[in-house]
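Topology and contacts: notes
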Amino acid sequence: MAQNPHPPDLELTDARSRWFAGPGEMRGRFRSYQWDSTPLGHIDHWPRALLTVTSAILASGFPNIVLWGPELIQLYNDGYREVMGAKHPSGLGIPTRECWPEAWGFNEPLYKRVFDGETIFFEDVLIPIVRYGSLEEVYFTISYSPIRDDDANIGGVLVTLLETTARVAAKRLESERERLLRQVEVERNRLGEVFRQAPAFLAVLRGKNHVFELANDSYFELVGSREIVGKSVVEALPEVVEQGFVELLDGVLQTGEAFLGKEVPVSLARAPGESHEERFVDFVYQPLVEADGSISGVVAHGTDVTQQVRAREEVERLLALSEAARTSLDERNAELKKSEERLRDVFEQAPTAVAVLTGAEHVYTVASPSYRKYLGNRELIGKPFLEAVPEPGGQAAAKLMDQVFATGEPIMKAEQVVPLDRDGDGQLENYLFDISYQPLRNSDGDIYAITSLSLDVTDQVRARKLQEEATAAIARSRHELERVFFQAPVAIALLHGPEHYFALANPYYERLVGRTELVGRSLMDALPELAGQGVLEQLDHVFETGEPWVKSELPVSLRRLPDAQPEEGIFNVVFQPLCTETGETYAIVVVGAEVTDQVRSREITERLLGESEKARREIASANEQLEQQQVELEFTNQQLQDNAAELEAQTEEMAAQAEQLELQTHAAEAANKAKSDFLATMSHELRTPLNAIAGYADLLLTGVRGEMAPAQITDIERMRRSGQHLLSLINNILNFAKLDAGEIEFQTRAVDLTSLVGGLEDLIAPQLSARSLQFESKCESTGLVFADRDK
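Rules used throughout
- Note on numbering: residues in each chain are counted from 1, in written sequence order.
- Since the coordinates come from a predicted model, pLDDT governs what is reported: local features require at least 70, and pairs of side-chain atoms require 80 or more to be given and counted, while whole-chain, interface and lining totals use all residues.
- Note: side-chain values were computed over all heavy atoms of the structure, leaving out hydrogens and water.
- Note on pairing: two strands pair once DSSP finds at least 2 bridges between them.
- Each helix is a run of H or I in the DSSP string that is no shorter than four residues. Each strand is a run of E no shorter than two, and both are numbered from the N terminus.
- Structural elements are reduced to axes, namely lines fitted to C-alpha atoms, with helices fitted over the stretch in contact, and the angle between N-to-C directions of any two is expressed from 0 to 180 degrees.
- To form a nonpolar core, buried Ala, Val, Leu, Ile, Met, Phe, Trp, Tyr and Cys residues must be joined to one another through side-chain atoms within 4.5 Å.
- Buried means the residue's accessible area, taken with a 1.4 Å probe over protein chains only, is under 20% of the maximum for its type, while exposed means over 50%, and partly exposed covers the values in between.
- Any two residues whose heavy atoms approach within 4.5 Å at even a single point are treated as in contact.
- Any helix carries an expected span of 1.5 Å times its number of residues minus one.
- Our arc is simply the arc of the directions from the helix axis toward the C-beta atoms.

Structural notes on the sheet that holds strand E8 (residues 259-268)
Taken together, five strands build an open sheet; the order of strands is E7-E6-E10-E9-E8 and the sheet is antiparallel. On the outer flanks of this sheet lie strand E7 (211-215) and E8, each paired with one strand and no other. This sheet shows a mean twist of 35° between the axes of neighbouring strands, independent of strand direction. The pairing of strand E9 (residues 277-289) with strand E10 (residues 295-304) spans nine bridges and is classified as antiparallel. Following the sheet pairing, valine 284 is matched in E10 by histidine 301.

Below, the structure is given as C-alpha cells:
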C-alpha cells in the first residue's frame, strides 16, 4: 500500500503557510486536512483563484461556503459551522450533495444557473435541512455567486448566508399580534358605534361612587348636554340624589341583583340653568360582573317612555271625559262628538302605537297610524282582533286581552316576542314589543273595551344583544390573549418606560429568571446581577432608536436561587419596541428562550465528533502503517530465508578458508619469529658501533684530543645527537619486535616539549642545507609533558 506523501504531522507547505495562516478552527483544519484524498488534490496545485477566495472566506465573520469543481466540494469558514450543526467537521472536503441530500432538490437548479454566470439572492427563504438528526424548517437570507478560476471560467459557487429563522418567527408573531390587535380594535370600534347609536339609553358606572365610565348619545339626550364621564352620579346629576336612584345603585352593587323599573318618574334639568323636567323611564340596573366574580359597577339600560306615559294619561283622561259626556247625551252630544274627534286626533298623532278594542271579541274601534304600521297597514277598524291578526302572535295577545277583560287587571309585558307576517309574504318574523293592556270601564264600572299600547323594541333589543355578544367576544379575545401570553412556551415580559418597569411577565419568564412578583419593579431593581452585562445598555438603545434587537445564544449570568451565585445561561433574545402612533417608543416586549442545554450539547457533540474524527484518522494511519509493516515483514522474511541459504554456503566456504588460514597463521607465526630474531640481532649489531660513536664524540667534547674550534664542537654535538637519534630509531625497530611479542616497555618521565621540538633541527640540518631550505620551529607551550621521550 502506498503511503500518503503529505501526512498531517509533516512541516506545512509554502501554500498552507501563506494562505491559511492565522487563528481559528477552520484555518487549522485547512492546514492539517489531507486534501490529496479529495478531487481537489494537493493544495500546492490548487488554482490561485480557489486559494484567494478560500483565504477570504476564512477571514470573514459571516457564514460562507465555497463549492468547487463539478463535484461541488465543500470548503467553509468558522461562521458556517453553526449552519452545519452535527455535520461538522465531517462535511469539510466532501460533495455538497452528499452532505445536504435533503436540500439538493432546492439547490441543484440554482447551482446550474450560477455555473451559467447568474448571481441569485433570496431573503428569508425556507430550506428544510437536517442538522441534528431530524428535519427542521430553517429560514435563510442567502446569496449564490459564481467564482471564476485562473482561466476566467466558472469553477465554483460562493454561498453567503445568514440564518433568519428567529427573525421570521418573530415577524410572524408580531404580524399575528398586530392582526389580533386590529381585530380587537375593529370589534371595539364596532361595539362603540353600536353602543353610541343604540336607541335605548346606556351608561356604565364604576365603583362604589358610581363614576360614569361610558354613556351613549341617548343617555346624553336624556340628561341634557352635561359633562358626566369621569364624574360620580352625585357630581354629575345632583338632582337625582333625593329621588332614591343612588340608593338603588348601591343596592345593585352590594347584592349583585338587577333592578327593573317601569315608567319610573325622574326629575332632570335637561339643560344648564333650566328648571327640572319630569320624565318617565323604563330601565334596568344590571350589575357588572368581572371574570373573578367581583362586582365592579352597574350598567344602566333603559328607554325614555315619557311620551307613551303622557299619551296613555291623555288617553285615559280623554276616555274619562268621553265617558262622562256620554251620561248626558242630550245636553252634551255636540261636546261628546268634539271630544271623540279630539280623541281620534290624539290617536292619530300619538308617537306610540295605540288601539282601542271593544267587547269580548276585541273589535277594533280605534287604531293609531303607528299601530297599523306595526301590523303592516292592514285593515283593522270593525274587525275582531283574531280576524285581523290571525298569526300565532295574535293568538297569544288575544289570550292576554281575554285575561284583562275578565279580571279588570292591566297587563304589561316587556320585550314580548310576537311572530307576525308584517310584509304579507307568508313568512312569519319575530318582533319584540313592550305591550300594555289597560281596561276601560263605563260609568257603572263595567269593562267595555281594552286600550292596547305597544312599542316596537325589536331594534333596541337586537342592539343590546349585539352589544352583549360583542362584549362577550371582547372578553373571550382578551381571555385568549391572556391565555396565550401566560401559556406561551417562551419567556415574555413587557417593560414600560425608559426605566424598564415590568408591566407584565409570564410564568415562563419568572421561572427563567428565578423570581416572582416582578410587576411594578424596574429591571435593575428586580435583576441587579444584569449590571455590566450589556443587557440594560441594549434595552436603552432599543428604547431610544425604536429599532428591534435580535440575538442568538446570548450569554447572561442570572441568580436563579436566593443567596446563590449567578450562573451563566445562554439565551435566544428578541427586544421588540412598542411605539405610539407618533412613533415614540413607550415599552419593549422581551421574548426569550433558554438554549443553554442545546448549546452545551452541541459543544459536547462537536468535541466528541472532533475526537472521533481524530481517532478515526489515527486508526486509519495505524492501519496503513500496519499494512506497510506487514509488507516489509514479508519482504524481510524472504530476505532472511535467502540470507540463511547464502549464510550456509558462506559457512561451508569459511570452514575451508579457516583450515587454509590456520596453515597460513602457522607460517606467519614462523616468519614473524624469524623477523623478530633478525630485528633483535640487527638492533644489537647496530647499537654497538653507534654507542662507540657516541662515546668517541663525548671524549672529543671533553678535550681529550686537544681544544677544538666552536664550529668543530657544534659539528661534533650534532653528530652525537644524530647518533643518539639513530640509536633511538634502532630501539624503535626493536620495540616493534617486542610489540609483536607483547613485551613493549614504556619509560615515562617529564619531558620539556620546547627542547624536544627544537632538537629536530639538528637531525634535518644536512637535508635543509642541501636543498637551500630554512627551518623554523614555534612551540607556544612552555610546560612539561609526561611521556616516553624516545617513543
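Considering the nonpolar core
Formed by 45 residues in total, the largest nonpolar core has its most connected members in Trp46, Phe140 and Tyr144. Not counting chain neighbours up to four residues away, the residues in contact with phenylalanine 140 comprise Val83, Phe122, Glu123, Asp124, Val125, Ile127, Ile129, Leu161, Leu162, Glu163 and Thr164. Counting residues in hydrophobic clusters, the runner-up holds 29 residues, among them Ala367, Tyr431, Leu432 and Val457.

Some remarks on the pairing of strand E2 (residues 73-76)
Side chains of E2 alternate between two faces, with Ile73 and Leu75 and Gln74 and Tyr76 buried alike. Across four bridges, strand E1 (residues 64-68) lies against E2 in antiparallel orientation. Across the sheet, the residue bridging to isoleucine 65 is tyrosine 76, located in E2.

Comments concerning helix H15 (residues 392-407)
Look at H15: 23 Å from first C-alpha to last across 16 residues, which is about the 22 Å you get at 1.5 Å a residue. Buried within H15 are the following residues: Gly393, Gly394, Ala397, Ala398, Leu400, Met401 and Val404. In an axial view of H15, the angular spread of the buried residues amounts to 165°, which keeps them on one side of the axis. Looking at H15, the residues exposed on the side facing more than 90 degrees away from the buried face are Lys399 and Ala406. Phi turns positive, to about 80°, at glycine 408, one or two residues after H15.

Things to note about the side chain of histidine 362
Relative to the assigned elements, histidine 362 resides in the loop between strand E11 (353-358) and strand E12 (363-367). Every residue in contact with histidine 362, bar those within four places of it in the chain, is listed here: Leu357, Lys383, Pro384, Phe385, Ala398, Met401, Asp402, Phe405 and Ile450.

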